[in-house]
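Structural overview for review
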Amino acid sequence: MIKKGVNFLTTKTIDTKKLLEVLGNTKNLDVSDLEILEKILSDFNNKDFSLLSAQEIQFLNLNSTDMWASYLIFRYKFKNFPKDRIEINVPLHLLIEPVSSCNLRCTMCFQVDESFSRDSKFMGMMDIELFKKIIDDASNNNIKALTLASRGEPTLHPKLGEMLEYCKGKFFEIKINTNATRLNEKLIHQILKNDITDMVFSIDSFEKEEYESIRVLGNFEQVLNNIEKFKEIKEKFYPESRCATRVSGVKIRKSQNTEKFKEFWKKYVDHVGFVEMEERWDTYNNPISIIDKSPCTYLWERMYVWHDGTCNPCDVDYKSNLAVGSIKSSTIQEIWNNEQFTKLRNMHKQGKRNKFNPCDRCPLW
């Protein structure tokens, strides 16, 4: 089985005395959020700061203390509600796919599956008006985490800048996952001026030959130059930016040196991390022997919206066998609580995830 999540190789620090003081003086919370804050404070007072990864610490350091309590309550829910299978009215995390295609063919990615990437029914770009409808729905339902990415490369969308402008100020976290090949000065300015909080550059090596053998069709010098440019523009024009940058790689070979990877990339970004490779890149042909019998936490955490409005519980199922509805005809809340999604959660809880493909051959939990 594979536990989901990034392994941060870099660390951050925060003044814990100040943190406890700020949280202890927080008022005007509803009863359920107050209970969570008390749990957080209890843990912190007992020297248990496991809630805080480098990501949370960076957010706190970059944002006003007025936001600290609400943000940490959100992160507590994000990290605990799914594993405890606590049901809420809307997803904690919404992931929107501006584009389903990609300009690279990474060896561990489902884009190498030509029955997907060469089939026009799966390929496309999201209409800007549909995007705005989804954002309005998410904002009105107080969803706090938005990621622009999924099956494809978001920077390929010609109206990505307009999308970012429309999202500004509506979420705690707005993250973009990108291979960094298409970054340019105009787009970098659009990202930074619209308060994107997390910019994740998907890169697996610090060496040209290794990088280009994994990120097929990618050019290492181009990517390095783009990330240097991002850092330069951020420092020169947006010194107070709340955008945290991260280089995140996939560990697919034993030869990948994570320590040298960290030392190389930490000069350019705020965080460096790795995720373990999942047996997901040929999802539908995975052996059923790798199945994990635990309920998948994604079902209580997130929802994906493809470029055409199709809603899916995960992107392991990149061909949408598990599709739970369309945002064109229903709201986020309606889809999150509908019969298909509810049945999927219940079957997972009952130990019957093997009744669904590709849940029956997925090692994630």
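Above this text you will find the structure in question.
Residues numbered from 1 in each chain as written. Predicted model: local features only at pLDDT ≥ 70, side-chain atom pairs only at ≥ 80, totals over all residues. Heavy atoms only, no water.

Okay, the overall build of the protein chain next. On a plain count of helices and strands, the protein chain comes out with 13 helices and 12 strands. In terms of overall size, the protein chain behaves like a compact globule, its C-alpha atoms giving a radius of gyration of 20 Å where 365 residues would be expected to give roughly 21 Å. Burial statistics for the protein chain: of 365 residues in total, 56% are counted as buried. Here the contacts in the protein chain between residues at least 6 apart in sequence split such that 74% fall between residues at least 24 apart. Seen as two clouds, the 54 positive and the 52 negative side-chain charges of the protein chain have centres 2 Å apart. (Helix = DSSP H or I, 4+ residues; strand = E, 2+ residues; numbered from the N terminus. Rg over C-alpha atoms; globule rule 2.2 N^0.38 Å. Buried < 20%, exposed > 50% of the residue type's maximum accessible area, 1.4 Å probe, protein only. Contact = heavy atoms within 4.5 Å. Lys, Arg positive; Asp, Glu negative; His and termini not counted. Charge placed at Lys NZ, Arg CZ, Asp CG, Glu CD.)

The subject of this paragraph is the pairing of strand β10 (residues 302–305). Regular strands place side chains that alternate from one sheet face to the opposite one. Taking every second residue as pointing to the same face, both faces of β10 are buried, with Arg302 and Tyr304 on one and Met303 and Val305 on the other. In terms of strand pairing, strand β2 (residues 93–96) meets β10 through four bridges, oriented parallel. Residue pairing for β10: Leu95 is matched across the bridge by Tyr304. As defined by bridge partners, β10 adjoins strand β11 (residues 310–312) across two bridges and the pair is classed as antiparallel. (Pairing = 2+ DSSP bridges.)

What follows covers the sheet that holds strand β6 (residues 198–202). Read from one edge to the other, the open sheet built from 10 strands follows the order β1-β9-β8-β6-β5-β4-β2-β10-β11-β12, with strand pairing classed as mixed. The outermost strands of the open sheet, each flanked by one partner alone, are β1 (7–8) and β12 (325–326). Strands β2, β4 (145–148) and β10 of the sheet are contacted by helix α6 (residues 128–140), whose axis makes an angle of about 175° with β2. (Axes fitted to C-alpha atoms, helices over the stretch in contact; angles between N-to-C directions.)

Moving on: unusual backbone geometry. Cis geometry is adopted by the peptide bond preceding Pro358, which originates at Asn357 and carries an omega value of 15°. Structurally, Pro358 can be placed in the segment after α13 (339–349). Located in the positive-phi region is Lys47, a residue other than glycine, with phi close to 65°. The backbone of Ser320 shows a phi angle near 65°, a positive value even though the residue is not glycine.

Quick look at α13 now. Buried within α13 are the following residues: Phe341, Leu344, Arg345, Met347 and His348. Angularly, the buried residues of α13 cover 165° about the axis, an arc narrow enough to put them on a single face. Exposed and oriented more than 90 degrees from the buried face of α13 are Glu339 and Lys343. Buried positions along α13 lie against β10 and α12 (332–336). Among the residues of α13, the N-terminal cap falls to Asn338, whose side-chain oxygen and the backbone nitrogen of Gln340 are separated by 3.3 Å. (Arc of directions from axis to C-beta. Polar contact = N/O pair within 3.5 Å; in protein donor to acceptor, adjacent residues only side chain to side chain.)

Turning next to the packing of helix α2 (residues 31–45) against helix α4 (residues 68–84). Packing of α2 against α4 leaves a shortest axis separation of 10 Å and a crossing angle of 85°. Taken together, the axes of α2 and α4 lie roughly perpendicular to each other. For the pair α2 and α4, contact is made by Asp33, Ile36, Leu37, Lys39, Ile40 and Phe44 and by Ala69, Leu72, Ile73, Tyr76, Lys77 and Phe81, respectively. Of the residues assigned to the contact of α2 with α4, the class counts are nine nonpolar, no polar and three charged. (Parallel < 35°, antiparallel > 145°, perpendicular 65-115°, else oblique. Nonpolar A, V, L, I, M, F, W, Y, C, P; charged D, E, K, R; others polar.)

Moving on, we get to the environment of Asp30. Of note, Asp30 is situated in the loop between α1 (16–24) and α2. Within polar-contact distance, the side chain of Asp30 engages the side chain of Ser32 at 3.0 Å.

Time to look at the side chain of Asn103. Mapping Asn103 onto the fold places it in the loop between β2 and β3 (105–106). At a separation of 2.8 Å, a polar atom in the side chain of Asn103 contacts the side chain of Thr181. Residues within four places of Asn103 in sequence aside, it is in contact with Glu153, Leu156, Asn179, Thr181, Arg182 and Leu217.

A separate point is α2. In this model, α2 (15 residues) spans 21 Å end to end at C-alpha, consistent with the 21 Å of a helix rising 1.5 Å per residue. Among the residues of α2, Asp33, Ile36, Leu37, Ile40, Leu41 and Phe44 are the ones counted as buried. Along the axis of α2, the buried positions cluster into a sector of 140°, meaning they face one direction only. Turned more than 90 degrees from where α2 packs its buried face, Val31 and Asn45 sit exposed. (Expected span 1.5 Å × (residues − 1).)

Tracing the backbone shows Met126 in the loop between α5 (114–117) and α6. With relative accessibility at 2%, the residue Met126 sits in the buried group. C-alpha of Met126 to C-alpha of Val99: the two residues are 27 residues apart in sequence and 6.4 Å apart in space. Ignoring any residue separated from it by four or fewer positions in sequence, one finds Met126 in contact with Ile96, Glu97, Pro98, Phe131, Ile134, His157, Met163, Val305, Trp306 and His307.

A few words on the pattern of salt bridges. For the coordinates displayed, the defined rule picks out 19 salt bridges. Of the charged contacts in the structure, one is a salt bridge between Lys319 and Asp113, with a shortest N-O distance of 3.8 Å. Taken together, the residues Lys319 in the loop between β11 and β12 and Asp113 in the loop between β3 and α5 connect sequence positions 206 residues apart. (Salt bridge = Lys/Arg side-chain N within 4 Å of Asp/Glu carboxyl O.)

On to the state of the cysteines, then. Throughout the structure, instances matching the rule amount to zero disulfides. Its sulfur unpaired, Cys106 is 5.9 Å from the next cysteine sulfur, which belongs to Cys109. (Disulfide = S-S within 2.5 Å.)

What follows deals with the side chain of Asp360. Mapping Asp360 onto the fold places it in the segment after α13. Within the structure, the side chain of Asp360 is placed 2.9 Å from the side chain of Arg361, a separation counted as a polar contact. If we ignore the near neighbours within four places in the chain, the residues touching Asp360 are Ile288, Ile291, Arg353 and Asn354.

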